[in-house]
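Residues per chain are reported as follows:
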Amino acid sequence: MPRLFFGLELPAEIKARLLKVRSPVTGARWQSAEQLHITLLFLGKVSGEGLEAVASSAREIDSESFPLEVAGVGCFGQPERPKNLWAGVQPAAPVAALHQTLGRRLESLGFVAERRAFRPHITLARFKRQPGSVEPLLVEYGDYGFGQFQVTEFVLFESKPGPAGSVYSVVDRFSLRNAG
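A brief report on the enclosed structure follows.

Calculation rules
Residues numbered from 1 in each chain as written. Predicted model: local features only at pLDDT ≥ 70, side-chain atom pairs only at ≥ 80, totals over all residues. Heavy atoms only, no water. Patch = residues over 30% accessible without salt bridge, like charges linked within 9 Å, V, L, I, M, F, W, Y side chains within 5 Å. Areas by Shrake-Rupley, 256 points an atom, 1.4 Å probe, with all protein chains shown as cover. Salt bridge = Lys/Arg side-chain N within 4 Å of Asp/Glu carboxyl O. Lys, Arg positive; Asp, Glu negative; His and termini not counted. Charge placed at Lys NZ, Arg CZ, Asp CG, Glu CD. Helix = DSSP H or I, 4+ residues; strand = E, 2+ residues; numbered from the N terminus. Pairing = 2+ DSSP bridges. Axes fitted to C-alpha atoms, helices over the stretch in contact; angles between N-to-C directions. Contact = heavy atoms within 4.5 Å.

### Here's the deal with a positive patch on the surface
No. 1: Residues Arg29, Arg126, Lys128 and Arg129 make up a contiguous surface patch of positive charge.
No. 2: If you trace the backbone, Lys128 turns up in the loop between strand 6 (121–127) and helix 4 (135–141).

### Observations concerning the sheet that holds strand 4 (residues 66–78)
No. 1: Taken together, 5 strands build an open sheet; the order of strands is 2-6-5-4-7 and the sheet is antiparallel. Bordering the open sheet on either side are strand 2 (28–30) and strand 7 (145–151), each of which pairs with just one other strand. Averaged over all neighbouring strand pairs, the angle between strand axes comes to 30°, with direction disregarded.
No. 2: Lying on the sheet, helix 1 (residues 12–19) is in contact with strand 4, strand 5 (81–90), strand 6 and strand 7; it crosses strand 7 at an angle near 155°.

### Quick word on the sheet that holds strand 9 (residues 167–175)
No. 1: Judged by pairing direction, the sheet is antiparallel, and its 4 strands sit side by side in the order 3-1-8-9 without closing on themselves. A single partner strand is all that each edge strand has here, and the edge strands are strand 3 (38–45) and strand 9. Between one strand and the next, the sheet's axes are offset by a mean angle of 25°, whatever the strand orientation.
No. 2: Pairing analysis gives 6 bridges linking strand 1 (residues 3–8) to strand 3, with the strands arranged antiparallel. Within strand 3, the position partnered with Arg3 by the bridge is Lys45.
No. 3: Along the sheet face, helix 2 (residues 48–59) touches strand 1, strand 3, strand 8 (153–160) and strand 9 and points at about 45° away from the line of strand 9.
No. 4: Helix 3 (residues 93–107) contacts strand 1, strand 3 and strand 8 of the sheet and is inclined by roughly 20° relative to strand 3.

Structure follows, in structure tokens:
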């Protein structure tokens, strides 16, 4: 069964700017351009019948497209011992609203939403044991603007484990209504 999640793709020029944040930090596993995205909702393993129900439910979502800016860098965990380095997105409200809409629809199909609070972000690096400090990156890129774009669709991704981290492939795309 495939492992699936909903997310937002990023334009190539924003990915290129995000990749410039990479620097030698002990324990960092940096994400590749192909791995950069915004997760909306993780589903886990989904059967063939479940996949059709998920896609059908997502097609019924009637949300407007919205502008999004990728700006700033932060971390989960302490800067001296980070768990994850991320880039922020703003405004967070339309991303959170899409997350909530998807969550409500998929709960009706039997999917259980994550308990932790949803915080839209783009993972830049993950850390395992003995992480080095990301404090210099937080200082340098804390308020940095990586660019903005119009979110016109959301995507259902499949995630497959690979030697260099997860490999994501698009399963389906779902258009958002033009604003205005």
